[in-house]
Amino acid sequence: MFNSKFGSIPKFYVRAPGRVNIIGEHIDYCGYSVLPMAIEQDVLIAVEPVKTYTLQLANTNPLYPDFSTSANNIQIDKTKPLWHNYFLCGLKGIQEHFGLSNLTGMNCLVDGNIPPSSGLSSSSALVCCAGLVTLTVLGRNLSKAKLIEFSPLRATDVKLPSGAVFVIANSCVEMNKAATSQFNIRVMECRLAAKLLAKYKNLQWDNVLRLDEVQAKLGISLEEMLLVTEDALHPEPYNPEEICRCLGISLEELRTQILSPNTQDVLIFKLYQRAKHVYSEAARVLQFKKICEEAPENMVQLLGELMNQSHMSCRDMYECSCPELDQLVDICRKLGAQGSRLTGAGWGGCAVSIVPADKLPGFLANVHKAYYQRSDGSLAPEKQSLFATKPGGGALVFLEA
């Protein structure tokens, strides 16, 4: 296909995996650790550097149209989440990191088997791939330390149980984060909760942005933070006026100094529920890691229970599930999964389940029948995605011999 598109052959290939978040949902932007796993599904790009200054992008999937632009005049339209913009983000990130002005042109053909808009990081894989493509074309390297700077997290290996597999099931409901205010509202609710908790504990609250900062300043455990949340916040939703009274500020100060433009018209904020989810989910991640390290005999059962608790919290406290995901998770549990939960941002996308390895064939067949083979034919076949996955490899560059 590369030859038919560009009349030549690629010089090298780059791949980057999708990933599934096994546990730890909506807590990374609150400063807490999550537990993602690279999956075997990936994005693959075939690349040919060219002497012109033209960047040509094509996709093996006809749903994504070809794109061409000058390599030295990269413009990203932030109002439209078009597929090629993710490639341009990766390219532009490398360009800005090295302070480069003149980029060479290239022909790129993109392929991939990560279900889009499903919470499996297909867009992140494309951005990573594009960054690696640009580095390789330029003959540059990016040290691991620099890579970590993209996201200020410390990576720690966690050994997963050998007697179980993780199964990913797509609910077939797509939720485009870029097109919804729900995600932005949750981020702001967490920020407001952090400020009210800090004020309640007589901390300097105005510079507090994340829930982990309150815990760090108090020097207490996550379990103790849950008790503080019970004392400081009430389950009833807060309106802007009450938030202003709690913080001792005016409505104008709240709107202009704290709220983001896309949350200035929100009338209710569920601060208690969001803080409860974040602190309890952060604790579950640590418990999950501890169980993996200690490897007790009932390890799979214990990990499954934590995944089930995580889904309940996402559904009831963070309200980021949807009826189809709840139904899919329930089906997975009834048909043999030790634990099942939504993964990714939620409001659609995928569920991840931990399944004993000896039950896998029957589990896959039964879930397919119970969820995907509906009599009303409401699920589009191309969106149906149900597969077991093992931890996959990282991003790679394959050079032609």
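Use the structure listed above.
Described in the following lines is the structure provided in the data block.

### Considering the sheet that holds strand S10 (residues 396–399)
- Reading across from one edge, S4-S3-S5-S2-S1-S10 is the order of the six strands in this open sheet, with mixed pairing throughout. Either end of the sheet is taken by a strand with one partner, and the two such strands are strand S4 (67–70) and S10. Within this sheet the neighbouring strands show an average axis-to-axis angle of 20°, counted without direction.
- In this sheet, strand S5 (residues 105–112) lies alongside strand S3 (residues 54–59) in parallel orientation, the contact comprising five bridges. Following the sheet pairing, Gln56 is matched in S5 by Asn107.
- Sheet contacts for helix H2 (residues 83–98): strand S2 (35–50), S3, S4 and S5; angle to S3, the most-contacted strand, approximately 135°.
- With respect to the sheet, helix H3 (residues 122–138) is in contact with strand S1 (12–23), S2, S5 and S10, its orientation differing from that of S1 by roughly 150°.

### Let's talk about the pairing of S2
- Pairing of S1 with S2, which is carried by ten bridges, proceeds in the antiparallel orientation. Its bridge partner lying in S2, Ile23 is registered against Leu35.
- Pairing between S2 and S5: eight bridges, direction antiparallel. Pairing of Ile45 across the sheet is with Val110, part of S5.

### So, a nonpolar patch on the surface
- A cluster of nonpolar side chains, namely Leu44, Leu396 and Phe398, defines an oily patch on the protein surface of about 240 Å² accessible area.
- Mapped onto the fold, Phe398 is located in strand S10.
- Taking the relative accessible area as the measure of exposure, Phe398 reaches 39% and is therefore partly exposed.

### Digging into the packing of aromatic side chains
- Summed over all chains, the structure comprises five aromatic pairs.
- Between the aromatic rings of Tyr29 and Phe183, the centroid separation amounts to 5.5 Å while the plane-to-plane angle is 75°, which identifies the pairing as edge-to-face. Of this pair, Tyr29 sits in the loop between S1 and S2 while Phe183 sits in helix H5 (residues 182–200), placing them 154 residues apart in sequence.
- On the accessibility criterion, Tyr29 (23% relative accessible area) is partly exposed.

### Some words on helix H10 (residues 271–294)
- Its 24 residues give H10 an end-to-end C-alpha distance of 35 Å, which sits within 8% of 34 Å, the value for a rise of 1.5 Å per residue.
- In terms of burial, H10 is a largely internal element, 18 of the 24 residues being buried.
- The first or second residue beyond H10 is Ala295, which carries a positive phi of 50°.

Calculation rules
Residues numbered from 1 in each chain as written. Predicted model: local features only at pLDDT ≥ 70, side-chain atom pairs only at ≥ 80, totals over all residues. Heavy atoms only, no water. Pairing = 2+ DSSP bridges. Helix = DSSP H or I, 4+ residues; strand = E, 2+ residues; numbered from the N terminus. Axes fitted to C-alpha atoms, helices over the stretch in contact; angles between N-to-C directions. Contact = heavy atoms within 4.5 Å. Patch = residues over 30% accessible without salt bridge, like charges linked within 9 Å, V, L, I, M, F, W, Y side chains within 5 Å. Areas by Shrake-Rupley, 256 points an atom, 1.4 Å probe, with all protein chains shown as cover. Salt bridge = Lys/Arg side-chain N within 4 Å of Asp/Glu carboxyl O. Buried < 20%, exposed > 50% of the residue type's maximum accessible area, 1.4 Å probe, protein only. Phe/Tyr/Trp six-rings, centres within 6.5 Å; stacked < 30°, edge-to-face > 60°. Expected span 1.5 Å × (residues − 1).

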